[in-house]
Amino acid sequence: MTVKRSVSLPDDVAEWLDQQPNVSAAITAAVRVQMARVHLDEVLRRAGIEATEAGRARWRERLSTPIPAEALAEGRRMLGRAG
């Protein structure tokens, strides 16, 4: 089932949507990402972990660094032994 909605958007968002081949799909994907983030934050909160913007920024920085080749190779060796 689908439902039609009318929304007001900031100019930059409207301009971006105007460039998308399927506006409904683009909005659906964006909203689902937000829904997943809210769900993840709730799961973390229930586990006693409060996700903050500062913490997210630290993880984004940490995860932006490529994994060293030797660490990847060691991980593959470990997986090979486990299988």
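Residues numbered from 1 in each chain as written. Predicted model: local features only at pLDDT ≥ 70, side-chain atom pairs only at ≥ 80, totals over all residues. Heavy atoms only, no water.

J.: How do you make sense of the overall build of the chain when you look at a structure like this?
T.: What the chain contains, in helices and strands, is four helices and zero strands. In the chain, the succession of helices and strands from N to C terminus is α-α-α-α. Against the compact-globule benchmark of 12 Å for 83 residues, the chain has a radius of gyration of 20 Å, which places it well outside the compact range. Taken along the three principal axes of its C-alpha coordinates, the chain extends 55 × 35 × 30 Å. For the chain, the proportion of its 83 residues judged to be buried stands at 6%. Approximately 7800 Å² of the chain is accessible, and the part contributed by carbon and sulfur atoms is 59%. (Helix = DSSP H or I, 4+ residues; strand = E, 2+ residues; numbered from the N terminus. Rg over C-alpha atoms; globule rule 2.2 N^0.38 Å. Buried < 20%, exposed > 50% of the residue type's maximum accessible area, 1.4 Å probe, protein only. Areas by Shrake-Rupley, 256 points an atom, 1.4 Å probe, with all protein chains shown as cover.)

J.: Explanation requested: helix 4 (residues 69-82) in the structure shown.
T.: Residues that lie three or four places apart on an α-helix share one face, since the helix turns once every 3.6 residues. With 14 residues, helix 4 should cover 20 Å at 1.5 Å per step; its first-to-last C-alpha distance of 20 Å lies within 8% of that length. Among the 14 residues in helix 4, zero count as buried, and that is only a small part of the element. (Expected span 1.5 Å × (residues − 1).)

J.: Mind showing me how you'd approach the confidence of the model for the chain here?
T.: Should pLDDT be low for a region, the predicted coordinates there are not to be read in detail. Residue-level pLDDT values for the chain average 93, and 99% of them are 70 or greater. Of all the helices and strands in the chain, helix 3 (residues 53-63) carries the lowest mean pLDDT, 90, while helix 1 (residues 11-18) carries the highest, 97. (pLDDT = per-residue confidence, 0-100.)

J.: Is there a simple way to think about the pattern of salt bridges in this case?
T.: When the charged atoms of two side chains lie near each other, side chains of opposite charge can form a pair. Under the defined criterion, the tally for this structure stands at nine salt bridges. Taking the shortest distance from any N to any O, the salt bridge between D41 and R56 comes out at 2.8 Å. Taken together, the positions of D41 in helix 2 (residues 23-46) and R56 in helix 3 put the pair 15 residues apart, joining distant regions of the chain. By relative accessible area, D41 is classed as buried at 14%. Classification of R56 by relative accessible area gives buried; the value is 18%. The residue E42 makes a salt bridge to R46 at a minimum N-O spacing of 3.0 Å. Taken together, the residues E42 and R46, both in helix 2 and four residues apart, mark about one turn of the helix. One continuous salt-bridge network, built from bridges that share partners, spans R37, D41, E53, R56 and R60. (Salt bridge = Lys/Arg side-chain N within 4 Å of Asp/Glu carboxyl O.)

J.: Looking at this model, I keep getting lost on a negative patch on the surface. Mind explaining?
T.: A cluster of acidic residues, D11, D12, E15 and D18, forms a negative patch at the surface. Position of E15 relative to the elements: it lies in helix 1. (Patch = residues over 30% accessible without salt bridge, like charges linked within 9 Å, V, L, I, M, F, W, Y side chains within 5 Å. Lys, Arg positive; Asp, Glu negative; His and termini not counted. Charge placed at Lys NZ, Arg CZ, Asp CG, Glu CD.)

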